Amino acid sequence: MSSQLCDRCNRVVNPGELLYRVSIKVRADFDGIININAKEIDLKKEFEKIQSVPEDLLEEEVYREFDFILCPRCKEIYCANPLHLPFGRT
Ligand SMILES: [Zn+2]
């Protein structure tokens, strides 16, 4: 097993040292309610607009996945405030 780098601070994590893997999945959710004003929506134009967007961009709108390696110090920092909320809201 070779050394790995912490994705946050670039510290070398040598074989046998503790490291952490962070997997983040971001997916679109839907509550079943559609708020549209049918008078203002031109379905043909909306469909053409969607067709003009590259497929990979459409996929990124629906689902993204991230995988990171963290050293122990960066894991503590990350876990203390994973959403980077303002101080006092964590
Ligand atoms: Zn680190």
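What you see is a predicted model; the values in this text were computed from it and never measured. (Residues numbered from 1 in each chain as written. Predicted model: local features only at pLDDT ≥ 70, side-chain atom pairs only at ≥ 80, totals over all residues. Heavy atoms only, no water.)

### Structural notes on a nonpolar patch on the surface
As a reminder, the rule being used: Two distance rules govern patches: like charges are joined within 9 Å, and nonpolar side chains (Val, Leu, Ile, Met, Phe, Trp, Tyr) within 5 Å, applied only to residues with over 30% relative accessible area and no salt bridge. Areas reported here follow the Shrake-Rupley algorithm with a probe of radius 1.4 Å; residue values treat only the protein chains shown as occluding. Any Lys or Arg side-chain nitrogen located within 4 Å of an Asp or Glu carboxyl oxygen qualifies as a salt bridge. In this description a helix means any DSSP run of H or I spanning at least four residues, a strand means any run of E spanning at least two, and both kinds are numbered starting from the N terminus.
A contiguous nonpolar surface patch, about 560 Å² in accessible area, is contributed by Phe-30, Ile-34, Ile-36, Ile-41 and Leu-43. Tracing the backbone shows Phe-30 in the loop between strand E3 (20–27) and helix H1 (43–51).

### Focus on unusual backbone geometry
Under the convention used in this document: When accessible area is computed with a 1.4 Å probe and restricted to protein chains, residues below 20% of their type maximum are described as buried, those above 50% as exposed, and intermediate ones as partly exposed.
Positive phi values are uncommon outside glycine, yet Asn-10 reaches one of about 65°. Here Asn-10 is to be found in the loop between strand E1 (4–5) and strand E2 (12–13). With a phi close to 55°, His-84 is a non-glycine residue in the positive phi region. For His-84, the location among the structural elements is in the segment after helix H3 (72–80). On the basis of relative accessibility, which here comes to 69%, the residue His-84 falls in the exposed class.

### Comments concerning the nonpolar core
Heads up, the rule is: What makes a nonpolar core is a set of buried Ala, Val, Leu, Ile, Met, Phe, Trp, Tyr and Cys residues whose side-chain atoms join them at distances within 4.5 Å. The contact criterion used is simple: two residues touch if any of their non-hydrogen atoms lie within 4.5 Å.
In terms of nonpolar packing, the biggest core is built from 6 residues, these being Cys-6, Val-13, Val-22, Leu-70, Cys-71 and Cys-74. Setting aside residues up to four positions removed in sequence, Cys-71 forms contacts with Cys-6, Cys-9, Arg-11, Val-13 and Tyr-20.

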